[in-house]
Amino acid sequence: MRILFAGPWDLAGKAAAEYFLREGHEVCWLTAEPRRTLWDRKLQGTVCRGQFTAAQIVPILRTHRIETVIVLTAGLREGPDACPDPQAGPLGELLAAVQSCPVGCFVYLSSLELAWQSPLTPRQAALAAGELRCRAARDHDGLPLLLVRLAWLYDRVPPEDMGTLGAALQAVRRGEVFHSPCGPEDRVDALAAGDAAAALYRMVLHTMTGSYLLGTGHPLTMRDCIRCVERAAGRPARVQWTADHPTMAAAQYSAEPLKTATGWMPYTLLAENGWQLLRDAPDARPQAAPDPKHPRRGKVPPGLRSLGETLVLFGITVGLLRFSKDMSDLKYVDIRLMFVALVASCYGSGMGLVAVVLASLSYVYSLASSYVDVSYLLYSVDTWVPFVIYAVTGSLLGYLTGRRRDEMEALRRKARQQEEKCEQLQAVQGETLEIKSRLQQRITAERHSFADLYRIVQELDALDPPQILQHTVGIVEDLLQCGHVAVYRMDPDGCSAALAACSPAMQGRAPRVPDGKKLAALCREFGNTPVFANTDLTPGRPDLAAAIRFDGRLYGIVAAYELGPDRFTTYYRDLLKVVVGLIERDLVRALEVPRSERVYAREVAL
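Since the model is a prediction, treat every value here as computed from it, not as a measurement. Throughout this description, residue numbers start from 1 for each chain and increase along the sequence as written. Reporting of local features is limited, given that this is a predicted model, to residues whose pLDDT is at least 70; pairs of side-chain atoms are given and counted only at 80 or more, and all residues count toward the totals for whole chains, interfaces and linings. Note that the side-chain values use all heavy atoms of the structure and ignore hydrogens as well as water.

(A) Quick peek at the environment of P386. Each helix is a run of DSSP H or I of at least 4 residues and each strand a run of E of at least 2, with the numbering of both proceeding from the N terminus. The residue P386 is located in helix α13 (residues 385-445) in this model. Burial classification: accessible surface area is computed with a 1.4 Å probe over protein chains only, and a residue below 20% of its type maximum counts as buried, one above 50% as exposed, and the rest as partly exposed. Overall, the relative accessible area of 17% leaves P386 in the buried class. Spatially, the C-alpha atom of P386 lies 8.0 Å from that of S360, the residues being 26 residues apart in sequence.

Next comes the structure, spelled out in C-alpha cells:
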C-alpha cells in the first residue's frame, strides 16, 4: 500500500509512518519543514519538502500511485488555545488535488476535544473547520473520508514534541506551574502513539470510512493524569486548575465501535505502564551535529590559536626580562626557561619547539645587545649550555604533555565507543519492547485468540453427540479456511475407519471407508506425532490430519484436504492440534458407538 502523509511533523504521523514502513508499505511525506527528521533514520521513505499547490500535488499522487492520504494536524489537536496560522496546513490544496486524482481513503486526524461540552477555543474552532471542509467534500464530491478523533498522545519523545501531557511533564521537571486545560475531576483520555499507529494501520488497511473516536476507552480524571506525570517526573507538580472547560462523561469515551470494526485494542494504559514512556522521555530534542566539511564561520583553528597564545606569552617574557634586568633578586632566575617549560607543558611538543626557538633567539639578542661577539658562541662550549637546556626542557615536557594528551584522547575515544554501544543497546531495547508490544497486540486481537477457542469449547459442550461432529467440521473449516474437511470414526480394533461427518463439498467425494494400507500408514504417523502434514503431497492422503485419542486409544481422525500452500506451516499444525485437544472429550463422546448399534452389529454378524 502507498500512503501520503501531509503536514508538519506530528507525533501521530511519525508513529503511523514508522508502523507502515516496518510493515513493508511505501510512505511519502509532504512537509514545509526544511530539515526536520520525520521518522527513524533506519527506515526508508520519500520526503517532499516545501509549500505545494494542488497542481504540484497531483503529479506526486500519480507518480507514487498514492492510495491513501493522511492529513496531519500538528498544533491543532493539542496545544495552546491560540489558533496557529490558518495557511500552514495543506488541507485545501489536498482536497483540490484529490478531485483530479482520486484516492481510496482520505484520513483527517482530529481531536477528541471537539466532543467536549465546553465552548470551542480558537485552536479547536480551526480544527472543527477542517472537519467541516472534509465533510463537505465527502457530501459534494464523494470523498472517501475517514475522520479520526484522537485522544491526547504521548510517547518516548521530548516534551515539546507531545501535546498537553508533554507540557505538563516539562513544567513538572522544571518546577514550573502547569496550567491545566480542565478541572481536576474532569475526564480525559491519553493514548500511546504506538497504539494509535496500530489502530490507524488497521483502519487504513480495511479502507474504512466514517467517523471514529480513537482512545483507550479508559479515561482518567485530570487529577489522576497529573499524578501519572508526577510519577514519571519523580517530583510533585504545581497545577493551576481551570473550572470553565468541562470535558465529557466517561461513557462517552468508549472506543467499542472501532474495536468491533478492526479488532484493535490498546496495549498501553497511562495509569498502568504508560507513565514509563513519559519517564523515559528525553528533556530536549537532540541537537544536530555540525558538518565537519563546513566549519562555522568565525571559528579560529586550534593551531593558529595556540601559536597566537605562545606569541603573547613570549611578549610577556620579553617584558619581564627588561623589567628584571636591573633587579639583583632575579639575577639567578631564567625567565626564558620558565617560558619554554610553560609553553611545552600547556601545548605539547610542537609549540614547545617553537618556544625553544623563540627563547634561543631572545638569548642571542641579549648577548648581541651586551656587545658580545656572536661568533664567540661557535667556539665556546660553555655558551651552548642554555640552548641545550632549552631544547631538553621543551622536548621532554612537550613529549610528556603529548603522551598525556594521547592517553586522554584514547580514554575519550573509549568513552565515546561505550556511549555508542550504550545508545545502540538502548535502541535495541526500545525496538525489542516495541516489537513485543506489537506482537502482544496481534496475539490479543488475533481471530484465533484464546477467547475464540474458549467459545468453541463452550459451544460443543452444549451440543448433543450427533451434532458435535458436523459442528467440528465447521470449526476446522473456519480455522483452516478450507472447505474440504472430513471426520472418520475408527473401529475399536484400530484397523478400519468409517466416514462420520464431512463438508458439503466433500459429499460423495470422501471415501466412506478409507483404504486399509493408507489408513495403516497414517496410524503409524500418528504414533510419532498427533498431527500429520502431507508435505510430500502424496496422493490419497489428507493434506493435514489430527488424531482423536483418549486413554491411549485412537477414536477418530480429523482430515483436511485441498489446503493452500500457506496452510502447511507450523502455526496451522499447532492450531489444529490445540483445537482438537481442547474438544477431544466432546469428540470422543460423539464418536463412541452407541450400545444399540453395537448390539445390532453383533446380530448382523451372527
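(B) Molecular detail of the pattern of salt bridges. Salt bridge criterion: a side-chain nitrogen from Lys or Arg within 4 Å of a carboxyl oxygen from Asp or Glu. The tally for this structure, following the rule as stated, stands at 19 salt bridges. One salt bridge in this structure joins R227 and D224, with 3.1 Å as the shortest N-O distance. Of this pair, R227 and D224 both sit in helix α7 (residues 222-233), three residues apart, roughly one helical turn. With relative accessibility at 49%, the residue R227 sits in the partly exposed group. What you see here is one network of salt bridges that share partners, running through K14, E18, R22 and D40.

(C) Quick peek at helix α3 (residues 91-100). Within α3, burial applies to L91, L94, L95, A97 and V98. All buried residues of α3 fall inside an arc of 165° around its axis, so they share one side. Looking at the buried side of α3, the elements it contacts are β1 (2-6), α2 (54-63), β4 (68-71), β5 (105-111) and α4 (122-141). To be clear, the arc concerns the directions from the helix axis to the C-beta atoms. Should any heavy atoms of two residues lie within 4.5 Å, those residues are counted as being in contact.

(D) Representation of the pairing of strand β17 (residues 544-550). Counting buried positions over the seven residues of β17 gives five, a clear majority of the element. Strand pairing is assigned whenever DSSP identifies at least 2 bridges connecting the two strands. Note: β17 against strand β18 (residues 553-560), seven bridges, orientation antiparallel. Of the residues in β18, the one forming a bridge with L544 is A560. Counting the residues that bridge the hairpin from β17 to β18 gives two residues, and of these D551 lies at a positive phi of roughly 55°.

(E) Spatial organisation of the side chain of E78. Along the polypeptide, E78 turns up in the loop between β4 and α3. Despite its burial, E78 pairs with no opposite charge; the closest candidate is R77, at 5.1 Å N-O. A 3.5 Å cut-off defines polar contacts: any pair of N or O atoms within that distance qualifies, except that in protein one atom must be a possible hydrogen donor and the other a possible acceptor, and neighbouring residues in sequence count only when both atoms are side-chain atoms. A polar side-chain atom of E78 sits 2.9 Å from the main-chain amide nitrogen of L153. Among the polar contacts listed, one links the side chain of E78 to the backbone nitrogen of T164, at a separation of 3.0 Å. The residues contacting E78, other than those within four sequence positions of it, are R123, A151, W152, L153, G163 and T164. Within this scheme the basic residues Lys and Arg register as positive and the acidic residues Asp and Glu register as negative, but His and the chain ends are omitted.

(F) Inspection of the confidence of the model for the protein chain at higher detail. Each residue carries a pLDDT score, the predictor's confidence in it, ranging from 0 to 100. When pLDDT is averaged along the protein chain, the result is 82, and 86% of the positions lie at 70 or above. Contacts for the low-pLDDT stretch residues 288-295, under 50 throughout, to residues beyond four places or in other chains number zero contacts. Here residues 595-606 scores under 50 on pLDDT; set against residues more than four positions off or in separate chains, the count is one contact.

(G) Inspection of unusual backbone geometry at higher detail. Positioned with a positive phi, Q481 is a non-glycine residue whose angle comes to about 50°. Within the secondary structure, Q481 sits in the loop between α15 (465-480) and β14 (485-490). Residue E562 is not a glycine yet carries a positive backbone phi of 55°. Checked against the element boundaries, E562 lands in the loop between β18 and α17 (570-582).

(H) The arrangement of α17 in detail. Between its first and last C-alpha atoms α17 spans 18 Å; for 13 residues at 1.5 Å apiece the expected length is 18 Å, and the two agree. Those residues of α17 not exposed but buried are Y572, L575, L576, V579 and V580. Taken down its axis, α17 places every buried residue within 120° of arc, on the same side. Each helix should span, by expectation, one fewer than its residue count multiplied by 1.5 Å.

(I) Up close: the packing of aromatic side chains. Two rings from Phe, Tyr or Trp (for Trp, the six-membered ring) form a pair when their centres are within 6.5 Å of each other. A pair whose planes differ by under 30 degrees is stacked, one over 60 is edge-to-face, and the rest are tilted. For the structure shown, the criterion picks out eight aromatic pairs. Aromatic side chains Y19 and Y201 sit 5.0 Å apart centroid to centroid with 50° between the ring planes, which places their arrangement in the tilted category. Linking Y19 in helix α1 (residues 11-22) with Y201 in helix α6 (residues 193-205), this pair joins segments that are 182 residues apart in sequence. Overall, the relative accessible area of 9% leaves Y19 in the buried class. Take Y201: its relative accessible area is 12%, and that puts it in the buried class. Members of the aromatic cluster, connected to one another through ring pairs, are F5, Y19, F20, W29, W39 and Y201. Whether a charge sits over a ring depends on NZ of Lys or CZ of Arg being within 6 Å of the ring centre and within 35 degrees of the ring normal. Positioned above the aromatic ring of W9, the side-chain terminus of R36 is 4.2 Å from the ring centre. The cationic tip of R553 hangs over the ring face of Y555; the distance from NZ or CZ to the ring centre is 4.1 Å.

(J) Broad picture of the packing of helix α11 (residues 335-347) against helix α12 (residues 349-369). Following both chains from N to C, one finds α11 and α12 inclined at 165°, their axes separated by 7 Å at the closest point. Regarding the angle of α11 to α12, the classification is roughly antiparallel. For the crossing formed where α11 meets α12, the hand is right-handed. Along the contact surface, α11 presents R336, F339, V340, V343, A344 and Y347, while α12 presents S349, M351, G352, A355, V356, L358, A359, S362, Y363 and S366. For the contact of α11 with α12, the per-class residue count stands at eleven nonpolar, four polar and one charged. All axes here are fitted lines through C-alpha atoms, helices being fitted over the stretch that makes contact, and every angle between N-to-C directions spans 0 to 180 degrees. Geometric relationships in this document are graded by angle, where less than 35 degrees denotes roughly parallel, more than 145 denotes roughly antiparallel, 65 to 115 denotes roughly perpendicular, and other angles denote oblique. For any helix crossing, the convention is left-handed if the near helix is rotated counterclockwise from the far helix by under a right angle, and right-handed if that rotation is clockwise. Polar here means any residue outside two lists: the nonpolar Ala, Val, Leu, Ile, Met, Phe, Trp, Tyr, Cys and Pro, and the charged Asp, Glu, Lys and Arg; Gly therefore counts as polar.

(K) Just the sheet that holds strand β6 (residues 145-150), in detail. Overall, parallel pairing links the seven strands, which are arranged β3-β2-β1-β4-β5-β6-β11 in an open sheet. Of all strands in the sheet, those with a lone pairing partner are β3 (46-49) and β11 (210-214), marking the two edges. Taken pair by pair, the neighbouring strands of this sheet meet at an average axis angle of 20°, ignoring direction. In terms of strand pairing, β5 meets β6 through six bridges, oriented parallel. Along β6, the bridge assignment pairs S110 with R149. Along the sheet, α1 contacts β1, β2 (26-31), β4, β5 and β6; its crossing angle with β2, the most-contacted strand, is approximately 155°. Along the sheet, α6 makes contact with β4, β5, β6 and β11, crossing β11 at roughly 160°.

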